[in-house]
There are 2 protein chains.
Amino acid sequence: MARITIHDIAKELNTSPSTVSKALNDHPSISVATKELIKTAAQNLNYKQNRLASSLRSGRTNIIGIVIPSSEIGFFAAVVHGIERLARTKGYNVLLFQSTENGEYEVEGIETLLQTSVDGIIASIAMETTNYDHFLEVKKRKVPLVLFDRTKDELKAPSVVVDDYKGAFMATEHLIQQGYNRIAHISGPQHIKIFNDRLCGYVDALRSNNLTVDDDLIQYGKNSVESGRMGAEYLFNSSKKPDAIFAAEDFTGLGALQYIKKQGYKMPEQIGMVGFGNESFSPYVTPSLSTIDQQAPQMGEEAFNLFLEALAQKNNSTAPTLELEQPKKIVLDPVLVVRESSDRKRENHS
Amino acid sequence: MARITIHDIAKELNTSPSTVSKALNDHPSISVATKELIKTAAQNLNYKQNRLASSLRSGRTNIIGIVIPSSEIGFFAAVVHGIERLARTKGYNVLLFQSTENGEYEVEGIETLLQTSVDGIIASIAMETTNYDHFLEVKKRKVPLVLFDRTKDELKAPSVVVDDYKGAFMATEHLIQQGYNRIAHISGPQHIKIFNDRLCGYVDALRSNNLTVDDDLIQYGKNSVESGRMGAEYLFNSSKKPDAIFAAEDFTGLGALQYIKKQGYKMPEQIGMVGFGNESFSPYVTPSLSTIDQQAPQMGEEAFNLFLEALAQKNNSTAPTLELEQPKKIVLDPVLVVRESSDRKRENHS
């Protein structure tokens, strides 16, 4: 099927292609009635404007770029789907770049998206990123930048995060309420704010429940199944065995769970476990893994809304003092998801 | 840190910016020795060419676009990582678009990538795609197009697939060798070639092992956990209960596995199960799920190599007869991964 052009529409309405073009682009010289007539005909003929031409006219591409560490982490994939769902209803298309946690690749990704003239960038920062010049470059070019989950306050970009401290507090307090009292924590790299926040939530939950904080029960892992397995092995071979583990994310939790099962401990009867992130595998492992849900789809939608706000602000901006304002930061509430790995009370009652 | 420009390099070497620019772009008016001097200085100063300017000069963007149904399907995420890994070593950046199995979104994705002037497109076709004009448009614009996994012969694009028929044959024959003889199959939508190939592999494996093909043991599902659960429920409530299931992909297998466990059957002792796709959750469910691995990273690398070949062909093309040739089709061998869900012989011996 040949593509419908403005010439086809002009022929259909017995007018000129230039009138059609002007009408479709809301040119003031065309009357409202004619515009409506031409737009209806265009719709009926299933006419689609040439994207590149239309983008050159408007100075917009209607493309949003996303940079994430990896879509193999279910949380990021789910945030992206949240962004996509809302973006589609607003006429935007979404292109995705994966940094694989590598700072240099992240720079490449940002440059690639700037090169393709995206209307905005939504990003979650790679674990290995130490220099933030590429994000500053985005701001310098006045391309709206929104951060989510792995953010950096110094960049002064609007952002959306989940309350990691609160999520960790909830996870730890849940384990305490289930009757565990030697609760270990396997954390992640501490230069990443979310892992430090989760550590602090864990510590404060113990303290506010009058439990001792024991440094020997805190391990610093690397956010992987293997690292979770090693962390659990270390904890269970020490003189101070824990009776529960709160893992800073589900991959770590999965590794620890595998180790504990292999050692023959019963879960949740002898050992309890809560992860963080509600990964796609977490309901399906045995025992199913209790975790903290980060409301990923909602995070994606909020991030896209922040982009729209930034875009509107950019277009309406008259005051040059915007940079002085605190950028908007949306903090979502985490949700505790109780599954078999920590549900000791239900086990006892059944 | 300010970005290094050709002016900085010129100052450093006491020459003109235009000489630096010409040298960096291999202009014939500059001597080999000078080029080397300037390139070394550029490297030492950590100079990066302005991508957009450099792309305008070369007519290339060094961006590859990928269109996949969803990166939440581990197989697609793994193929993308395979493409990315190789693409990076060749100086290409990869942008990803997800169709979420929707034909209209796929059209949007292709248009978006064409709009961003990618050097090539690597795609796996959405489940709901029925019209292929958008792919024909890619070819018309002479943008190299490579398909993988979900391909369409009529598009005459180079492609890379796994031998789905063979994989299904291997999975079914493995179940037969484990002593199962009432093997059911939960398939996917039959207009998608891979699911029809897997059905045929299943049927032929039964036949070549002198087992009856029973239509009542074949269910047509929708590639989801829920659909697998429903398929298994139907099979186990019929008068002809199976003693094993070969599922056309792992999500379906997972749903069937959950149903069978819930019914109290022992796996693999009473019921055997093999999936297809080696999803990331498959080693971690209980019992761990036997499956067919599709060599996703290798598939990604082969797809990228096919892109490079297509690009070279495009650049060197003198003969207008290329379209008459059969496009190259790479068929990878599937790999049987035996795990707990079907390993009855090891169970018996242990």
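Parameters and conventions
Residues numbered from 1 in each chain as written. Chains lettered and ligands numbered in written order. Predicted model: local features only at pLDDT ≥ 70, side-chain atom pairs only at ≥ 80, totals over all residues. Heavy atoms only, no water. Helix = DSSP H or I, 4+ residues; strand = E, 2+ residues; numbered from the N terminus. Rg over C-alpha atoms; globule rule 2.2 N^0.38 Å. Buried < 20%, exposed > 50% of the residue type's maximum accessible area, 1.4 Å probe, protein only. pLDDT = per-residue confidence, 0-100. Domains from an automatic or database assignment. Contact = heavy atoms within 4.5 Å. Buried area = accessible area lost by both parts, 1.4 Å probe. Core = buried A, V, L, I, M, F, W, Y, C linked by side-chain atoms within 4.5 Å. Axes fitted to C-alpha atoms, helices over the stretch in contact; angles between N-to-C directions. Parallel < 35°, antiparallel > 145°, perpendicular 65-115°, else oblique. Left-handed = near helix turned anticlockwise from the far one by under 90°. Nonpolar A, V, L, I, M, F, W, Y, C, P; charged D, E, K, R; others polar. Salt bridge = Lys/Arg side-chain N within 4 Å of Asp/Glu carboxyl O. Polar contact = N/O pair within 3.5 Å; in protein donor to acceptor, adjacent residues only side chain to side chain. Pairing = 2+ DSSP bridges. Right-handed = clockwise from strand over helix to strand, strands pointing away.

(A) Structural context of the overall build of chain A. Looking only at helices and strands, chain A has 13 helices and 12 strands in total. What you see for chain A is a C-alpha radius of gyration of 26 Å, clearly larger than the 20 Å of a compact globule of 350 residues, by over 25%. Taking the principal axes of its C-alpha atoms as reference, chain A extends roughly 85 × 45 × 30 Å. In chain A, which comprises 350 residues, the proportion classed as buried is 53%.

(B) Seen up close, the confidence of the model for chain A. Residues at a pLDDT of 70 or more form 92% of chain A, whose mean pLDDT is 90. For this predicted complex, the interface score ipTM comes out at 0.76, while the overall pTM is 0.79.

(C) Layout of the domain arrangement of chain A. Residues and elements named next belong to chain A. For chain A, the domain assignment lists domain 1 (6-49), domain 2 (63-157 + 296-331) and domain 3 (164-294 + 336-349). Using only C-alpha atoms to locate each centre, domain 2 and domain 3 end up separated by 31 Å. With 10 residues of domain 2 at the interface, the matching set in domain 3 holds 11 residues. Of the roughly 840 Å² buried at the junction of domain 2 and domain 3 (both faces included), carbon and sulfur atoms supply 54%.

(D) Local environment of the nonpolar core. Among the nonpolar cores identified, the biggest contains 71 residues, and Tyr202(A), Ile245(A), Tyr202(B) and Ile245(B) are the most heavily contacted of them. Beyond its immediate chain neighbours, meaning those up to four positions away, Tyr202(A) contacts Ala168(A), Phe169(A), Thr172(A), Ile183(A), Ala184(A), His185(A), Leu217(A), Ile218(A) and Phe246(A). Counting residues in hydrophobic clusters, the runner-up holds 56 residues, among them Val79(B), Ile83(B), Leu86(B) and Tyr92(B).

(E) Representation of the packing of helix H8 (residues 164-177) of chain A against helix H9 (residues 193-208) of chain A in the model. Residue and element names in this part refer to chain A. At their nearest, the axes of H8 and H9 sit 7 Å apart, and the two run at 40 degrees to each other. Considering their axes alone, H8 and H9 lie oblique with respect to each other. Note that H8 runs across H9; the crossing there is right-handed. Contacts between H8 and H9 involve Asp164, Tyr165, Ala168, Phe169, Thr172, Glu173 and Ile176 from the first element and Ile194, Asp197, Arg198, Cys200, Gly201, Tyr202, Asp204, Ala205, Leu206 and Ser208 from the second. For the contact of H8 with H9, the class distribution of residues is 9 nonpolar, 3 polar and 5 charged.

(F) The arrangement of the interface of chain A and chain B in detail. Across the contact, 42 residues belong to chain A and 42 residues belong to chain B. Note on chain A versus chain B: buried area summed over both sides is about 3,800 Å², and carbon and sulfur give 51% of it. Where chain A touches chain B, the interface holds 0 salt bridges. Scanning the region where chain A abuts chain B turns up 19 residue pairs in polar contact (both at pLDDT 80 or more). If you list the elements that add at least two residues to the side of chain A that touches chain B, you get helix H4 (51-58), helix H5 (74-89), strand E2 (93-98), helix H6 (103-115) and helix H11 (250-262) of chain A. Residue classes in the side of chain A that touches chain B are distributed as 18 nonpolar, 14 polar and 10 charged.

(G) Local environment of unusual backbone geometry. All names here are of chain B. Following Met267, the chain continues to Pro268 via a peptide bond in cis, the omega torsion being 10 degrees. Within the element layout of this structure, Pro268 appears in the loop between helix H11 (250-262) and strand E9 (272-274). Cis peptide bonds are those with omega within 30 degrees of zero, and the linkage from Thr286 to Pro287 qualifies with -10 degrees. Tracing the backbone through its elements, the reader meets Pro287 in the loop between E9 and strand E10 (291-293). Of note in this structure, Asn14 is not a glycine but carries a positive phi near 55 degrees. You can see Asn14 is positioned in the loop between helix H1 (6-13) and helix H2 (17-24).

(H) Local environment of the pattern of salt bridges. All names here are of chain A. Applying the stated criterion across every chain yields a total of 24 salt bridges over all chains. Across the pair Arg141 and Glu137 runs a salt bridge whose closest N-O atoms are separated by 3.1 Å. For Arg141, a relative accessible area of 46% translates into the label partly exposed. Counted as one network, the salt bridges with shared partners bring together Glu137, Lys140 and Arg141.

(I) Quick peek at the sheet that holds strand E6 (residues 183-187) of chain A. Residue and element names in this part refer to chain A. What the 4 strands build is an open sheet, ordered E7-E6-E8-E9; its pairing is parallel. Across the chains shown, the open sheet's two edge strands, defined by having one partner strand only, are strand E7 (218-220) and strand E9 (272-274). Neighbouring strand axes in the sheet, compared pairwise and without regard to direction, differ in orientation by 15 degrees on average. Alignment of E6 against E7, held across 3 bridges, turns out to be parallel.

(J) Looking closely at the pairing of strand E3 (residues 120-123) of chain B. All names here are of chain B. Of the two faces of E3, the one carrying Gly120 and Ile122 and the one carrying Ile121 and Ala123 are both buried. Summarising the sheet, strand E1 (residues 63-68) and E3 pair through 4 bridges and their orientation is parallel. Across the sheet, residue Ile64 finds its bridge partner in E3, namely Gly120. Examined bridge by bridge, E3 and strand E4 (residues 145-148) share 3 bridges and lie parallel to one another. Bridged to Ala123 within E4 is Leu147. A crossover links E3 with its parallel partner E4, the connecting element being helix H7 (residues 133-140), and its sense is right-handed.

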